[in-house]
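Architecture and fold: a report
Here are the chains, one letter per residue:
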Amino acid sequence: MKPILNIEEVTRLEDIIEREGTSKAELMEHAGELLASVVEAEHPSRVLVLTGFGNNGGDGWVAADILQQKDIHVDVVSPVDPSEIPSALARHVARRTAGRDVNVVVGPSRDELMELGEQADVIVDAILGTGFHGAPRPPFSIWIPAVNELSSFVVSADVPSGLNAQTGVVEDCCIRADKTLTMLAPKIGLYSGDGPEYVGDIQVGELYDKLDEVIGDVDHAAEIVQAGDLIDYITGLPASIDKYSRGSVLVVAGSASYPGAAMMAAKAAARAGAGYVAVAAPDACANLIRMALPSVPVHAIPSDSRGAFGAAARSIVCELAKKYDCVLCGPGMTTSAGCMQVVTGLLELDVPLVLDADALNCLSRIAIDGIEKTPDMYRREAPLIMTPHYRELSRLVGEEDEVYDLGTAIDAAQKILWAGGSDNMVIVCKGPTTAVVGVERVLIPTSGPASLATAGSGDVLAGIISGTIATLHAEVDVWELALSYAVSIHSYTGFAAAAEYGEKSVIATDLIDYIGEAMQLVENEALKDLGALDSEGE
Ligand SMILES: NC(=O)C1=CN([C@@H]2O[C@H](COP(=O)(O)OP(=O)(O)OC[C@H]3O[C@@H](n4cnc5c(N)ncnc54)[C@H](O)[C@@H]3O)[C@@H](O)[C@H]2O)[C@@H](O)CC1
Ligand SMILES: [K+]
């Protein structure tokens, strides 16, 4: 796992490294060297380096110097004469580079900049880094949209210029990078808010060779899961096994209005490896589900007048639920009075429980000021997994619009977890970047493509999660990792389905059919990461 840092922790880390004997000037030299090597890997004959007023620009000036010495034609654009750059560190390297054989262009017009950009194979964006706030001011507000019109390959130093490295918010404009070389450790804003849209491929610039010795001295906003980290949760089928010992799931879901959600969740749970999946659905829709899923037994539970779980549902569902390795509750269920009783009843049982969609909405309707104010409602010994998207998570903590990006999602989930959580409780915060938040750690598994943002995709994820938990039979050391495995499978279904149907045309039922392939892809990535497979998968 690789840490992601808040900006204030990056600053603390730089101070710690300085106390250990490596100055910020040396770090800047390393940053420039790494930036130059990333650019060189693209085999350019001509490079344009755009610099700003601060140390981000300094990284660019160092890189320009190195690239020029490799017989690459380098143009450097600066907003002011190198001797007038306010940052002393950046001014020093800028003056040094300008004294050599690079072509320095100070304050070009938009047309001049476009002309330089059109000639360049690679553009280095070293305009603004972690010191940037607000919306870019001139001349950068003119440079940035101009660069985005060009077709050259763009490498951003540390963070795409215009992106707030903490919040991921873009006000007005931001460089659209093909690659972002982020220094020391990834900043949280690369993964939050608008970040994923602008960063391109993220590569970490390992500026300091003893980072492992000091990275534990700063707080981590989250950690990125590497494929190899998941290996303990990737299990094959043993030779002697029956349908029950493979793991069983009860899907408590559906209503007359939304029977499809129950179908998708149940089918996904089965595809994710559970040997026995059953559905408990209101009798108003049970027959429909039976017809759609011949391999799945469906228990018809008494409905209310609207076709949702009725008053008698709680005791029947809870009696059934005790026999399963995992219970998933919520998809398409609505928030009827009977549904609320089902949810509170299931929470009291000693069975691994996944609460999704309307099960979460039931909880927020019961505790309207925020569930963390009444932690007894969800405190339990057995595993509890909640899978809210941002709006559901906002409602869970009792505030409309409280959660709107990765950072606020992690905060809200931790509020709930720290009030009542145990090591067995995890909140999967679904968003453009999904975070798996536990009491001890926050993990970021591989994100899927935008194709996953489609109705029913969450039902499929809930099914994959419950199927995965059932097959593991609660033999889990690190729940956040087990759930990261499930989230990764979902992400890969998105890639595989998008490759077949096209990014815009994927629908949720397609994802289910790619679960098997996605599991294989995650396993291959894990084995490659651990060195057991080469890049061809041999
Ligand atoms: N501090 C360190 O130890 C290291 C820092 N490094 C680099 O230094 C960067 C941080 O440097 P700085 O703190 O100097 O900050 P930046 O270089 O990110 O930017 C600060 C400059 O941008 C200007 N600015 C801020 N908001 C603006 C806006 N809205 N419109 C226009 N201009 C604006 C400020 O006036 C300031 O001059 C990192 O991103 C990284 O690239 C690396 O060299 C590695 C080592
Ligand atoms: K930058």
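The chain appears in an unreviewed UniProt entry as Bifunctional NAD(P)H-hydrate repair enzyme from Collinsella acetigenes. UniProt's Subunit (unreviewed entry) comment on the chain is quoted here verbatim: "Homotetramer."

Structural notes on the overall build of the chain
Across its full length, the chain holds 19 helices and 18 strands. Computed over its C-alpha atoms, the radius of gyration of the chain comes to 26 Å, within 12% of the 24 Å expected for a compact globule of 538 residues. The principal-axis extents of the C-alpha atoms in the chain amount to approximately 80 × 50 × 45 Å. Classification of the 538 residues of the chain by burial places 57% in the buried group. When contacts within the chain are restricted to residue pairs at least 6 apart in sequence, long-range pairs at least 24 apart make up 74% of them.

Some points on the environment of E392
Mapped onto the secondary structure, E392 falls in helix α14 (residues 390–396). In the structure, E392 is positioned 337 residues away from N55 in sequence and 40 Å away in space, judged by C-alpha atoms. Apart from the residues within four sequence positions on either side, E392 is in contact with L360 and N361.

Focus: the domain arrangement of the chain
The domains assigned to the chain are domain 1 (2–219) and domain 2 (228–529). Placing the centre of domain 1 and that of domain 2 at their C-alpha centroids yields a distance of 41 Å. Every contact between the two is made by eight residues of domain 1 and, on the other side, seven residues of domain 2.

Digging into the sheet that holds strand β3 (residues 73–78)
An order of β4-β3-β2-β5-β6-β7-β8 is seen for the seven strands of this open sheet, with the pairing classed as parallel. Sheet topology places β4 (103–106) and β8 (201–205) at the edges, where each strand pairs with a single neighbour. When the angles between neighbouring strand axes are averaged without regard to direction, this sheet yields 20 degrees. Direction of pairing for strand β2 (residues 46–51) relative to β3: parallel, over a ladder of five bridges. The residue of β3 that forms the bridge with R46 is H73.

What to know about helix α16 (residues 457–472)
Taking 1.5 Å of rise per residue, 16 residues should cover 22 Å, and α16 covers 23 Å from first to last C-alpha, within 8% of that figure. Burial analysis of α16 places 16 of its 16 residues in the buried class, which makes it a mostly covered element. Positive backbone phi, at 50 degrees, marks H473, one or two positions downstream of α16.

Details of the packing of helix α5 (residues 110–119) against helix α6 (residues 140–149)
Following both chains from N to C, one finds α5 and α6 inclined at 35 degrees, their axes separated by 10 Å at the closest point. Crossing handedness for the pair α5 and α6: right-handed. Along its contact with α5, which presents R110, L113, M114 and G117, the element α6 presents I142, W143, A146 and V147. Broken down by class, the residue content of the contact of α5 with α6 amounts to six nonpolar, one polar and one charged.

The rules we used
Residue indices follow the written sequence of each chain, beginning from 1 at its first position. Naming scheme: in the order in which they are written, chains are lettered from A and ligands are numbered from 1. Only residues with pLDDT of at least 70 get local features here, since the model is predicted, and only at 80 or more are side-chain atom pairs given and counted; chain-wide, interface and lining totals rely on the full set of residues. UniProt positions are given in the numbering used here, feature names are shortened, and annotations may be inferred rather than shown by experiment. Put simply, DSSP H or I for four residues or longer makes a helix, DSSP E for two residues or longer makes a strand, and each gets a number counted from the N terminus. Computation of the radius of gyration draws on C-alpha atoms alone. For the globule rule, the value is 2.2 Å times the number of residues to the power 0.38. Here a residue counts as buried when 20 or more other C-beta atoms fall within 10 Å of its C-beta, as exposed when 12 or fewer do, and as partly exposed in between; the C-beta atoms come from the backbone. What counts as a contact here is a pair of residues whose C-beta atoms, placed from the backbone, lie within 7 Å. All domain edges in this entry derive from an automatic or database-based domain assignment. Two strands form a pair only when DSSP identifies at least two bridges running between them. Here the axes come from fitting lines to C-alpha atoms, over the contacting stretch only for helices, and the angles between their N-to-C directions go from 0 to 180 degrees. The span you would expect from a helix comes to 1.5 Å times its residue count less one. Should the near helix be turned counterclockwise from the far one by less than a right angle, the crossing is left-handed, whereas a clockwise turn marks it as right-handed. Only Asp, Glu, Lys and Arg are considered charged in this grouping, and only Ala, Val, Leu, Ile, Met, Phe, Trp, Tyr, Cys and Pro are considered nonpolar; every other residue, Gly among them, is considered polar.

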